[in-house]
Amino acid sequence: MENLENGIKIGSREFQDVTIARMGWLLPSIIAPLSMLIHLISGHSRDFPIFISESDYPGIERWIFTIGLSCAGIIQMLFAYRMWYTMRGDGRRKLMHWALGCGLFTGLNLIIMSFANMYDYLSLHVLTASNVFQFGILWALLAHLSLPKANSSGRKIRISGMMIAFISFIIMTQSIIKAVDEVEEFGLEGDTIFTLHSIQSVVDLAVYAEYGLFIGLILALYSFEVDFRDKLADSE
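This one's a predicted model, so the numbers in the text were calculated from it and none came from an experiment.

Procedures and definitions
Residues numbered from 1 in each chain as written. Predicted model: local features only at pLDDT ≥ 70, side-chain atom pairs only at ≥ 80, totals over all residues. Heavy atoms only, no water. Helix = DSSP H or I, 4+ residues; strand = E, 2+ residues; numbered from the N terminus. Buried < 20%, exposed > 50% of the residue type's maximum accessible area, 1.4 Å probe, protein only. Areas by Shrake-Rupley, 256 points an atom, 1.4 Å probe, with all protein chains shown as cover. Pairing = 2+ DSSP bridges. 1 Å grid on protein atoms, 1.4 Å probe; cavity = no way out; pocket = protein on both sides within 12 Å on 5 of 7 lines; lining within 4 Å. Points joined across faces, edges and corners; volume = space filled by probe spheres on them. Nonpolar A, V, L, I, M, F, W, Y, C, P; charged D, E, K, R; others polar. Core = buried A, V, L, I, M, F, W, Y, C linked by side-chain atoms within 4.5 Å. Contact = heavy atoms within 4.5 Å. Expected span 1.5 Å × (residues − 1). Axes fitted to C-alpha atoms, helices over the stretch in contact; angles between N-to-C directions. Parallel < 35°, antiparallel > 145°, perpendicular 65-115°, else oblique. Left-handed = near helix turned anticlockwise from the far one by under 90°.

### Remarks on the overall build of the protein
The secondary structure content of the protein amounts to seven helices and three strands. The order of helices and strands in the protein, counted from the N terminus, is β-β-β-α-α-α-α-α-α-α. With 236 residues in all, the protein has 50% of them scored as buried. Entry remark: accessible area of the protein is about 11800 Å², with carbon and sulfur atoms responsible for 66%.

### Quick notes on the pairing of strand β2 (residues 7-10)
Across three bridges, the pairing between strand β1 (residues 2-4) and β2 is antiparallel. What sits directly across from E2, in β2, is K9. Counting the residues in the hairpin turn of β1 and β2 gives two residues. Remark: two residues form the turn of the hairpin made by β2 and strand β3 (residues 13-16), two consecutive strands paired antiparallel; G11 in that turn has positive phi of roughly 65 degrees.

### Points about empty space enclosed by the protein
Here the structure, examined in full by the defined rule, presents two cavities of 30 Å³ or more. As a volume, the second largest cavity reaches approximately 30 Å³. Taken together, G136, I137, A140, G161, M162, A165, G216, L217 and A220 make up the lining of the second largest cavity. Secondary structure elements with two or more residues in the lining of the second largest cavity: α4 (122-146), α5 (152-186) and α7 (200-235). When its residues are assigned to classes, the lining of the second largest cavity shows six nonpolar, three polar and no charged.

### Concerning the nonpolar core
Grouped together as the largest cluster of nonpolar side chains are 53 residues, with contacts concentrated most on F79, M83, W139 and L213. Every element with two or more residues in this core is listed here: α1 (17-41), α2 (60-87), α3 (93-115), α4, α5 and α7. If near-sequence neighbours (up to four positions away) are discounted, L213 is found in contact with F133, I137, A165, S168, F169 and M172.

### So, α3
Relative to the 33 Å expected for 23 residues at 1.5 Å per residue, α3 spans 34 Å between its end C-alpha atoms, a close match to the ideal helical length. Buried within α3 we find M96, A99, L100, C102, G103, T106, G107, N109, L110, I111, M113 and S114. In the core, the buried residues of α3 are packed alongside α2 and α4.

### As for the sheet that holds β1
Reading across the sheet, the three strands line up as β1-β2-β3 and stay open at both edges, with antiparallel pairing between neighbours. Each having just a single partner strand, β1 and β3 make up the two edges of the open sheet. On average, adjacent strands in this sheet sit at an angle of 25 degrees to one another, irrespective of strand direction. Running over the sheet, α1 touches β2 and β3 and is turned about 70 degrees from β3.

### Details of the packing of α3 against α4
Close contact between α3 and α4 brings their axes to 8 Å; oriented N to C, the two are set at 155 degrees. Between α3 and α4, the angle falls in the class roughly antiparallel. With respect to the hand of their crossing, α3 and α4 are arranged in left-handed fashion.

### Focus: the layout of surface pockets
The volume enclosed by the second largest pocket comes to roughly 230 Å³. Taken together, eleven residues form the lining of the second largest pocket, with D90, K149, A150, D227 and D230 sitting closest to its centre. Sorting elements by how many residues they give to the lining of the second largest pocket places α7 first, with four residues. A breakdown of the residues in the lining of the second largest pocket according to their chemical character gives four nonpolar, one polar and six charged.

Okay, structure coming up:
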């Protein structure tokens, strides 16, 4: 891989930073709803609404979920690296280094999560999914703080996305805690599908909060594309 001024070169192919940034938010925003839709129309869904990761179920939806999100994780890591590489001289360098670390860690956990489905590897899935959400928010925040002169429209979108993600994360966390308490109270541990179906009334709020968290992170990722577009325009 060769670093260029506004992108990278892999072999004979060149990829602009704007394209990398766009794929960073566009790929997960397509893959997650698509795998959920196929999971629902195939009749595999236990109920509705469901957690996004429930669509990582044996069938076509698992192939889409695993391949799509593992590719998204790789792109996220490349996206974080290119943001650091191209903008480290435009903002607060120490914060940019921390943002790079969080971005790489988020992408790595997304890759692991895409293979560790919740039906067979629940503990690992919960850990990596939690890391994706938490460090994804932290990455967006650190990158935002490290670029004080970033595009004003992008900053507004980023702030909105981070607020939506943070509020949704708090709601989801509290709902899951309540769900876990109910599982322990009624002794429903065991089969993942049976357990989730049994506490669906408690899970409902957590599921919608997860959707909000997902949308918030997508907005935050999209906002950085605006900054890359500005940088490309300045170099032309």
